[in-house]
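Chains, contacts and geometry: an overview
Here is what each chain is made of, one letter per residue.
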Number of protein chains: 2
Amino acid sequence: MSKELEIFIGYLKKKGLKLTVQRKIMLDVFLKTERHLSVEGLYNIAKKKDKSIGQATVFRTLKVLQDAGIAKEVDIGDGKKRYERQYGREHHDHLICVKCGVFIEAVDPRIEKLQDELCRKHGFKPQRHKMEIFGVCKKCR
Amino acid sequence: MSKELEIFIGYLKKKGLKLTVQRKIMLDVFLKTERHLSVEGLYNIAKKKDKSIGQATVFRTLKVLQDAGIAKEVDIGDGKKRYERQYGREHHDHLICVKCGVFIEAVDPRIEKLQDELCRKHGFKPQRHKMEIFGVCKKCR
DNA sequence: TTATAATTGATATTGAATTTCAATATCAAT
DNA sequence: ATTGATATTGAAATTCAATATCAATTATAA
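In this report, we go over the structure that sits alongside the text. (Residues numbered from 1 in each chain as written. Chains lettered and ligands numbered in written order. Predicted model: local features only at pLDDT ≥ 70, side-chain atom pairs only at ≥ 80, totals over all residues. Heavy atoms only, no water.)

A few words now on the side chain of His36 of chain A. Residue and element names in this part refer to chain A. Within the secondary structure, His36 sits in the loop between α2 (21–32) and β1 (37–38). Of the residues examined, His36 reaches a relative accessible area of 10% and is grouped as buried. At 3.3 Å, the side chain of His36 and the side chain of His94 are in polar contact. Among the polar contacts made by the side chain of His36, one reaches the side chain of Glu105 at a distance of 3.2 Å. (Helix = DSSP H or I, 4+ residues; strand = E, 2+ residues; numbered from the N terminus. Buried < 20%, exposed > 50% of the residue type's maximum accessible area, 1.4 Å probe, protein only. Polar contact = N/O pair within 3.5 Å; in protein donor to acceptor, adjacent residues only side chain to side chain.)

Set out below in structure tokens:
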């Protein structure tokens with residue numbers, strides 16, 4: 001049993017929610033894809049496992065997975081939200097290829113430190129941040 | 001005549017587009033507000049100048065202003081796009097207050113440099129980037 | 001097994017953004 | 001100033017992702 005499933009079960013129990021087949025399928029589908037998929041993408045994969053699964057359930061389950069700390073929403077401003085794994089992952093920024101659409105996860109601790117400094121300079125108390133760099137990846141150049 | 005109006009007129013002429021009263025109003029409204037307003041916000045202000053102005057025109061004109069390099073779209077992932085002045089402004093990041101919603105423009109050249117370095121490390125050729133820090137501003141703390 | 005409450009899929013709805021279309025306005029050439 | 005080609009407009013319809021509604025179904029604790 002994956003750590004995420006354990007957490008999911010614990011979260012559902014704690015909240016008085018139920019572990020349904022659809023939720024199990026969604027967690028499974030979500031964990032198996034390492035890419036940053038949209039609801040549509042996840043829905044298409046989930047449908048292959050269970051023809052009857054509905055879009056609404058995919059949206060709803062992704063919300064639950066977020067609340068449980070298993071998934072994280074990624075919004076790059078192109079009109080559709082994507083989801084990435086959250087549990088056990090460090091904070092990171094994204095390099096996004098405008099040609100093939102790949103998401104590269106990257107982080108530089110020095111940048112993080114300078115961001116904090118920038119906030120201090122403005123008397124600003126940071127809670128979370130987001131950094132996305134759009135460009136062309138190694139393969140597409 | 002503002003530099004932006006000059007540019008706007010030049011852009012329109014170059015593209016075979018027309019300088020209409022609505023476009024003049026929109027540029028005026030856009031330049032007068034220093035805040036990061038959504039279409040709705042700009043629309044409400046524009047309507048005070050000309051009751052008959054339509055939402056579609058506001059959307060359309062903001063697109064033209066972007067193409068002309070006068071306005072810049074800002075999408076912080078809350079479902080509605082905002083617009084800021086672009087012409088004559090340097091690149092900057094945003095500190096966004098989750099309490100009062102203020103946008104603080106900030107930049108640290110060292111961060112910019114490290115971002116380039118991060119891209120190089122991944123064989124990634126950057127085109128543009130976006131950094132937003134959400135938190136609580138000085139006044140709201 | 002049963003009672004209860006959460007969950008489901010289908011469908012309707014929302015809200016931002018875009019498109020359509022007939023009427024109107026702009027502007028270069030006269 | 002007038003004309004004509006063409007861009008533009010506002011209103012309304014449409015798109016699209018995301019959310020809400022609801023009757024039927026299912027999970028779970030007793």
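Moving on to the protein's contact with DNA strand C. Taken together, 22 residues form the shell around DNA strand C, and within it Thr20, Arg23, Thr57 and Arg60 of chain A together with Lys18 of chain B come nearest. Sugar and phosphate atoms form 74% of the subset of DNA strand C atoms that lie within 4 Å of the protein. Take Lys18 of chain B: an N or O atom from its side chain is 2.6 Å from a base oxygen of DNA strand C. Looking at the surface near DNA strand C, the elements that each hand over two or more residues are α2 and α4 (55–67) of chain A together with α4 (55–67) of chain B. No other element matches α4 of chain B, which puts four residues into the surface near DNA strand C. Tallied by class, the residues present in the surface near DNA strand C amount to six nonpolar, seven polar and nine charged. (Near = heavy atom within 4 Å. Nonpolar A, V, L, I, M, F, W, Y, C, P; charged D, E, K, R; others polar.)

To continue, consider the relation of the copies chain B and chain A. When chain B is fitted to chain A, the best match, at an RMSD of 0.1 Å, comes from turning it 179 degrees and sliding it 0.1 Å along the axis. On this basis, the relationship between the two copies can be described by a two-fold rotation axis. Distance from the rotation axis, computed per C-alpha, reaches its smallest value in chain B at Met131 of chain B: 2.2 Å. Here 100% of the interface residues in chain B have copies in chain A that are interface residues too; the copies meet face to matching face. (Least-squares fit on C-alpha atoms with pLDDT ≥ 70 in both. Contact = heavy atoms within 4.5 Å.)

This paragraph deals with the pairing of strand β3 (residues 82–85) of chain A. When a strand is regular, its side chains alternate between the sheet's two faces. All names here are of chain A. The alternating pattern of β3 places Arg82 and Glu84 on one face and Tyr83 and Arg85 on the opposite face, and all of these are buried. The sheet contact formed by β1 and β3 spans two bridges and is antiparallel. Each residue of the ladder has a partner; that of Leu37, found in β3, is Tyr83. Strand direction decides the pairing type here: strand β2 (residues 71–74) and β3, joined by four bridges, are antiparallel. When the sheet's bridge partners are listed, Val74 is paired in β3 with Arg82. (Pairing = 2+ DSSP bridges.)

The next thing to look at is a nonpolar patch on the surface. A grouping of Met1, Ile9 and Leu19 of chain A is seen on the molecular surface, where their side chains present a nonpolar patch of about 290 Å² in accessible area. Looking at the element boundaries, Ile9 of chain A is found in helix α1 (residues 3–15). (Patch = residues over 30% accessible without salt bridge, like charges linked within 9 Å, V, L, I, M, F, W, Y side chains within 5 Å. Areas by Shrake-Rupley, 256 points an atom, 1.4 Å probe, with all protein chains shown as cover. Salt bridge = Lys/Arg side-chain N within 4 Å of Asp/Glu carboxyl O.)

Our next topic: the pairing of strand β6 (residues 125–136) of chain A. Pairing analysis gives four bridges linking strand β4 (residues 93–97) of chain A to β6 of chain A, with the strands arranged parallel. Bridged to Leu95 of chain A within β6 of chain A is Ile133 of chain A. Inspection of the sheet shows β6 of chain A paired to strand β6 (residues 125–136) of chain B by 11 bridges, in the antiparallel sense. Bridge assignment links Met131 of chain A to a residue of β6 of chain B, and that residue is Met131 of chain B.

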